[in-house]
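Each chain, letter by letter, is given below.
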Amino acid sequence: MGEPSKSSNIYKYCTGRMMYINVAVCLSVLLLVIGLSVGLTVRPFKGRDALDSAPLIDGHNDLPYNLYGKLNNKLSDYPFESDLTHDDVWGKTACSTCYTDLPRLKAGKVGGQFWVAYVSCSSQYKDSVQLTLRQIDVIRRFVERYPANLQFITAAEDIEPTWRSGKIASMIGVEGGHSLDSSLAILRLYYDLGVRYVTLTHTCNTPWADASPMDDGYVYNLTEFGQTVVYEMNRIGMLVDLSHVSHNVMRDVLAITRAPVIFSHSSAFSVCGHYRNVPDDVLHLVKKNNGIVMVNFYSEFVNCNSSRNATMEDVIKHINHIRNLIGVDHVGIGGDYDGVGSMPVGLDDVSKYPNLFDRLYESREGEPTWTKEDLEKLAGRNFIRVFQAVEAVRDSLKSESPREDVITGNELYIAQKREGLNPGSCQSAIEWNDVNTTDIEQSVSLSTITNKARVYRSLEVEGC
Ligand SMILES: [Zn+2]
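This structure is a prediction, so every number in the text was calculated from the model and none was measured.

Engineer: Can you lay out the overall build of the chain for me, pointing to particular residues and giving the numbers?
Structural biologist: Helix and strand counts for the chain stand at 17 helices and nine strands. Taking the contacts inside the chain whose residues are at least 6 apart along the sequence as the reference set, 76% of them involve residues at least 24 apart.

Engineer: Give me the nonpolar core: which residues, what numbers.
Structural biologist: One broad trend across soluble globular proteins is that nonpolar side chains are buried collectively. Core analysis: the biggest nonpolar cluster contains 116 residues, and Val 198, Val 253, Val 293 and Val 315 have the highest contact counts within it. If one sorts the elements of this core by residue count, helix α14 (residues 372-396) sits on top with eight residues. Both of domain 1 (47-397) and domain 2 (411-463) provide at least three residues apiece to this core. Apart from the residues lying within four places of it in its own chain, the contact partners of Val 198 are Val 174, Gly 177, Leu 180, Leu 187, Tyr 190, Met 233, Met 238 and Asp 241.

Engineer: Can you explain helix α8 (residues 224-236)? Please cite residues and give values.
Structural biologist: For an α-helix the count is 3.6 residues per turn, leaving residues at separations of three or four pointing the same way. With 13 residues, α8 extends 19 Å between its outermost C-alpha atoms, agreeing within 8% with the 18 Å of an ideal straight helix rising 1.5 Å per residue. Taken as a whole, α8 has its buried residues at Gly 226, Val 229, Val 230, Met 233, Asn 234 and Arg 235. Packed against the buried residues of α8 are α7 (184-192), β5 (195-199), β6 (239-241), α9 (247-256) and α14. Downstream of α8 by a residue or two, Gly 237 has a phi angle that is positive, lying close to 90 degrees.

Engineer: I'd like a description of helix α5 (residues 128-145), backed by residues and values.
Structural biologist: Between its first and last C-alpha, α5 extends 26 Å over 18 residues, near the 26 Å set by a 1.5 Å rise per residue. Turning to α5, its buried residues are Ser 128, Thr 132, Gln 135, Ile 136, Val 138, Ile 139, Phe 142 and Val 143. Along the long axis of α5, the arc covered by the buried residues comes to 160 degrees, so they all point the same way. Exposed side of α5, more than 90 degrees from the buried face: Gln 130 and Arg 141 are the residues found there. Packing partners of the buried residues in α5 comprise α3 (63-71), β2 (110-118), β3 (150-152), β4 (168-175) and β5.

Engineer: Account for the packing of helix α10 (residues 280-289) against helix α12 (residues 312-326), naming residues and giving values.
Structural biologist: Close contact between α10 and α12 brings their axes to 10 Å; oriented N to C, the two are set at 60 degrees. By the criterion of interaxial angle, the relationship of α10 to α12 is oblique. When you trace α10 past α12, the crossing you get is right-handed. Taking contact as the criterion, the partners of Asp 280, Leu 283, His 284, Val 286 and Lys 287 in α10 are, on α12, Ile 322, Leu 325 and Ile 326. Across the contact of α10 with α12, the residue classes tally to five nonpolar, one polar and two charged.

Engineer: Before we move on, could you go through the pairing of strand β1 (residues 56-61) and cite the residues and values that matter?
Structural biologist: Of all six residues that make up β1, six are buried, and the element is covered over most of its length. Here β1 pairs with β2 via four bridges, running parallel. Directly across from Asp 58, in β2, lies its bridge partner Gln 113.

Engineer: Could you give an account of the confidence of the model for the chain, with specific residues and numbers?
Structural biologist: Mean pLDDT over the chain stands at 89; residues scoring 70 or higher make up 86%. Mean pLDDT across the elements of the chain bottoms out in helix α17 (residues 446-453) (49) and peaks in β6 (99).

Engineer: Summarise the environment of Ala 185; cite the residues concerned and give the values.
Structural biologist: One can find Ala 185 in helix α7. Separated by 217 residues in the primary sequence, Ala 185 and Pro 402 have C-alpha atoms spaced 9.3 Å apart.

Engineer: Account for the environment of Leu 105, with residues named and values stated.
Structural biologist: Following the sequence through the fold, Leu 105 ends up in helix α4 (residues 102-107). Separated by 247 residues in sequence, Leu 105 and Lys 352 have C-alpha atoms that sit 9.0 Å apart. Here Leu 105 is in contact with Thr 100, Val 110, Ile 168 and Val 350, once residues within four sequence places are set aside.

Engineer: How would you explain unusual backbone geometry if you had to name every residue and give the values?
Structural biologist: Positive phi, close to 70 degrees, is recorded for Tyr 125, a residue that is not glycine. Position of Tyr 125 among the secondary structure elements: in the loop between β2 and α5. For Tyr 125, a count of 26 C-beta atoms within 10 Å corresponds to the buried category. One non-glycine residue, His 244, lies in the positive phi region at around 85 degrees. Looking at the secondary structure, you find His 244 in the loop between β6 and α9. For His 244, a count of 24 C-beta atoms within 10 Å gives the class buried.

Engineer: Provide a residue-level description of the packing of α9 against α10, including the pertinent values.
Structural biologist: Where α9 meets α10, the axes come as close as 10 Å, and the angle between the chain directions of the two elements is 25 degrees. By the angle between their directions, the pair α9 and α10 is classed as roughly parallel. Of the two elements, α9 crosses α10, and the hand of that crossing is left-handed. On α10, the residues touching His 247, Met 250, Arg 251 and Leu 254 of α9 are Val 282, Leu 285 and Asn 289. Its residues placed into classes, the contact of α9 with α10 shows four nonpolar, two polar and one charged.

Each value, and the rule that gives it
- Residues numbered from 1 in each chain as written.
- Predicted model: local features only at pLDDT ≥ 70, side-chain atom pairs only at ≥ 80, totals over all residues.
- Helix = DSSP H or I, 4+ residues; strand = E, 2+ residues; numbered from the N terminus.
- Contact = placed C-beta atoms within 7 Å.
- Core = buried A, V, L, I, M, F, W, Y, C linked by C-beta atoms within 7 Å.
- Buried ≥ 20, exposed ≤ 12 C-beta atoms within 10 Å, placed from the backbone.
- Domains from an automatic or database assignment.
- Expected span 1.5 Å × (residues − 1).
- Arc of directions from axis to C-beta.
- Axes fitted to C-alpha atoms, helices over the stretch in contact; angles between N-to-C directions.
- Parallel < 35°, antiparallel > 145°, perpendicular 65-115°, else oblique.
- Left-handed = near helix turned anticlockwise from the far one by under 90°.
- Nonpolar A, V, L, I, M, F, W, Y, C, P; charged D, E, K, R; others polar.
- Pairing = 2+ DSSP bridges.
- pLDDT = per-residue confidence, 0-100.

Structure representation (structure tokens):
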């Protein structure tokens, strides 16, 4: 073979170069196409997108109490699947505590909800258990009525699969220890019926735990029987909810509980000094306890400045305060919709949660930076972690026997006297057989009790 001709060299050079040019052109076109399609389909991340990758779990919605108050629990008359914003009965002008329906829950991207079995404090020492059972029943029937959209769940592991299937994981909370009637038997049976948290008090003291704002005067804080209630809740896997209890009871419970606690709907006391909110020293204890404070939106709890209306910015302050003080692992959402008569501008009903998450992600000057993972924790992952931890404590205590403690008649007597009631007039249980009223009257200065203790008197007795 002789030396290659110049013409064949040029040919190779040309074809080679052509090839490079072709590849380069192809690549450019490809990149352009990819770039265009990416530009068309991807928009910048918004805070609300975190609610697509983690369930939004709200700790407290009082819709069941509205169902009772308005319909005596006749669900067939409740148009849950319609947008009720302007409804004649359920709309915002007709009903000051109505914020919930299915279309708005969907718009709000709600993935898990505690529906609250609440009964008035005026039922304490009377028919509180009966009324609570009625509320548990209406929640269960309500959830069963809408199987395409709601699903009743009782275990932490069921929350995410339920939410991924497009349904709202629906749970039951009992709000107020008065619903237990000081009975561990009732507590256990509520658990069997699917209740997963009990708030230790509502606005009334129980014979074993003080409600807020009882922190001075004649106080019990958490009594020995109250400790037993907490231990038994730990044993069976019932979440201990400290919203509504006095600040001292918060501290007492956090000192003895064997499982993480929740505040199903409470905000930060140092941002707005309302007694329903959680003081900083307690927040530190919640961090140690691995618990969670699910922030309440109620206007009066988030904004202490009566000269202006509450806004979403107030709620942001509470969330950020808790995060700054004890970290992003201990904060959640507990809106309190349908339980209160006024919500902040911007959080007007259950459709507005996504706006809150968008706004948090903006992270304005002086605010912490919220990542997607942080927002997912706030939305629901923190709560799921706490719920799982409570279940793990329950499992670790399997060898413990159910507690058989019974509150004494004396305790019940004094507690009722303290509320200005006529002790024992509504009770027939045997513990009253042992009550020696003369002894009690002599051992306790009842004038002191009745004068000092009625900081929060919400009960009246007119016989039974
Ligand atoms: Zn409440």
